[in-house]
Amino acid sequence: VMKLNPQQAPLYGDSVITVQLTEEDKVEDDVVFYLVFTGSTVQHCTSTRKINPGSLETISPGHDCCETVKVALCASREGHPVLVVAEETFQFVQDEAYDAAQFLATCAGNQQALNFTRFLDRSRPPAADVDFLDEKVALAFRHLKLPAEWNVLGADQSLTENIPRETLMHFAVRLGLLRLTWFLLQQPGGRGALSIHNNEGATPVSLALERGYQKLHKLLTEEEAREPDSWSTLSHTVHSGDYSVKHHRGLDVYMLTAEA
């Protein structure tokens, strides 16, 4: 038996899972442990990092649907066959950050919904909450399967640049969401949104300046602006056919995902 903590993760993954080993599984240093998550349509294999003789750490994979999956702890040692040493179940769930990302993605061109997001801003959350919100919502957004025609400015591109309106970019900048802003900048319509004025005549760039968000202002105005440092520890994914490989820089853990 092994203990997984926590026993569930959001669909978009990238959260830390600790694996407690039982006495008999605590083994010599030359054993390498992997976790294999088997869902109904996809399977993930993650490498692990030893914290101490009795516990390992890994990163939860991003999954394709909410379900309970089987997790096998595999041990491999040079010159020996791979052994399954323990099995457990694990649950992938849709959390509030995922709901929020879905909501924002669908209301990209919806003025009523975007004006509602302005109302949220009046009760300014504390900085730590903003940071947490930023990371989770941006991770969830990155995991959404956005339609090919998706655009930061909404589906109706016939709206000319000079109609004053709220955009998703105004929302992200107003709350100081650095990672979400970076994500939106990479999407179709992201750069175009920077010069759009809202009804008060503010652009996302002028909002960043007015609110004193220096890092954010730099991100929006510098040609060579790089990905925010706060994101550099997170996973980077490479896709190849039905496979994808993710590397989590913070823990130096690798993850292979394949169609089951």
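Up top is the structure these notes are about.
Just so it is clear, the model here is predicted, and its values are computed rather than measured.

A. The arrangement of a nonpolar patch on the surface in detail. The grouping of V238, Y243, V245, Y254 and L256 at the surface amounts to a nonpolar patch, some 470 Å² of accessible area in total. Elements that contribute at least two residues to the nonpolar patch include exactly β11 (243-248) and β12 (253-259). As for its position among the elements, Y243 is in strand β11. Among the residues examined, Y243 registers a relative accessible area of 47% and is labelled partly exposed.

B. Highlighting unusual backbone geometry. Note the cis peptide between N5 and P6, where omega equals -5 degrees. In this structure, D14 takes a positive phi of about 65 degrees despite not being glycine. Here D14 lies in the loop between β2 (8-10) and β3 (16-20). Residue class for D14 comes out buried when judged on its relative accessible area of 5%. In the Ramachandran plot, D252 falls in the positive-phi region, its phi being about 55 degrees despite a non-glycine side chain. Turning to its location among the elements, D252 is positioned in the loop between β11 and β12.

C. Region of the structure containing the pairing of β3. Note: strand β1 (residues 3-5) against β3, three bridges, orientation antiparallel. Across the sheet, K3 pairs through a bridge with Q20, a residue of β3. Both β3 and strand β7 (residues 55-59) contribute to a ladder of five bridges, which runs antiparallel. In the sheet register, Q20 faces β7, and the bridge partner there is S55.

D. Spotlight on the sheet that holds β7. The sheet built from four strands is open, its strands ordered β1-β3-β7-β6 with antiparallel pairing. Two strands bound the open sheet, and with one partner strand each, they are β1 and β6 (49-52). Averaged over all adjacent pairs, the angle separating strand axes in this sheet is 30 degrees, with direction ignored.

E. Looking closely at the pairing of strand β5 (residues 42-47). The sheet contact formed by strand β4 (residues 32-38) and β5 spans five bridges and is antiparallel. By the bridge assignment for β5, V36 is matched with C45. Hairpin connection from β4 to β5: three residues lie between these consecutive antiparallel strands. Pairing geometry for β5 and β12, over five bridges, is antiparallel. Looking at β12, one finds that T46 is bridged to M255.

F. Structural view of helix α5 (residues 178-185). Burial of α5 is extensive: eight of the eight residues sit out of reach of the surface. Those residues of α5 lying buried are L178, R179, L180, T181, W182, F183, L184 and L185.

G. Structural context of the sheet that holds strand β8 (residues 67-76). Read across the open sheet, the eight strands follow the order β2-β9-β8-β4-β5-β12-β11-β10; overall the sheet is mixed. Lying at the two open borders of the sheet, with one neighbouring strand each, are β2 and β10 (235-240). Ignoring strand direction, the axes of neighbouring strands in this sheet form an average angle of 25 degrees. Inspection of the sheet shows β4 paired to β8 by seven bridges, in the antiparallel sense.

H. The layout of surface pockets, seen in detail. If you add up the space inside the largest pocket, you get close to 680 Å³. Around the largest pocket sit 25 residues that line it, and H143, K145, T237, H239 and S244 are the ones nearest its centre. Among the secondary structure elements, those contributing two or more residues to the lining of the largest pocket are β5, α3 (127-143), β10, β11 and β12. A class-by-class count of the residues in the lining of the largest pocket yields seven nonpolar, eleven polar and seven charged. Structurally, the lining of the largest pocket is a two-domain feature, drawing no fewer than three residues from each of domain 1 (3-94 + 234-259) and domain 2 (96-227). Its volume calculated, the second largest pocket comes out at about 540 Å³. As for the second largest pocket, its lining consists of 23 residues, and the residues nearest its centre are L178, Q214, K215, L216 and P228. Every element with two or more residues in the lining of the second largest pocket is listed here: α3, α5 and α8 (214-221). Of the residues assigned to the lining of the second largest pocket, the class counts are ten nonpolar, three polar and ten charged.

The rules behind the values
Along each chain, numbering runs from 1 in the same order as the chain's sequence is written. Local features in this predicted model are restricted to residues whose pLDDT is 70 or higher, and side-chain atom pairs enter the listing and the counts only when it is 80 or higher, whereas totals over whole chains, interfaces and linings include all residues. Calculated side-chain values reflect all of the structure's heavy atoms, with hydrogen atoms and water omitted. The patches described consist of residues with a relative accessible area above 30% and no salt bridge, like charges being joined within 9 Å and nonpolar side chains (Val, Leu, Ile, Met, Phe, Trp, Tyr) within 5 Å. Only the protein chains shown count as cover for residues, with accessible areas throughout obtained via the Shrake-Rupley method and a probe of 1.4 Å. Only one rule defines a salt bridge in this text: a Lys or Arg side-chain nitrogen within 4 Å of an Asp or Glu carboxyl oxygen. Secondary structure counts use DSSP, requiring at least four H or I residues in a row for a helix and at least two E residues in a row for a strand, with both numbered from the N terminus. Three labels apply to residues, based on accessible area from a 1.4 Å probe with only protein chains included: buried if under 20% of the type maximum, exposed if over 50%, partly exposed otherwise in between. Note on pairing: two strands pair once DSSP finds at least 2 bridges between them. Axes here mean lines fitted to C-alpha atoms, for a helix over just the part in contact, with angles spanning 0 to 180 degrees between N-to-C directions. Buriedness of a pocket was judged along seven lines, with at least five required to meet protein on both sides within 12 Å; pockets are open sets of points on a 1 Å grid over the protein atoms alone, cavities are sets where a 1.4 Å probe fits but cannot get out, and lining residues have an atom within 4 Å of a point. Grid points are joined across faces, edges and corners, and a volume is the space filled by probe spheres set on the points. Put simply, Ala, Val, Leu, Ile, Met, Phe, Trp, Tyr, Cys and Pro go in the nonpolar bin, Asp, Glu, Lys and Arg in the charged bin, and everything else, Gly too, in the polar bin. What marks off one domain from the next here is an automatic or database domain assignment.

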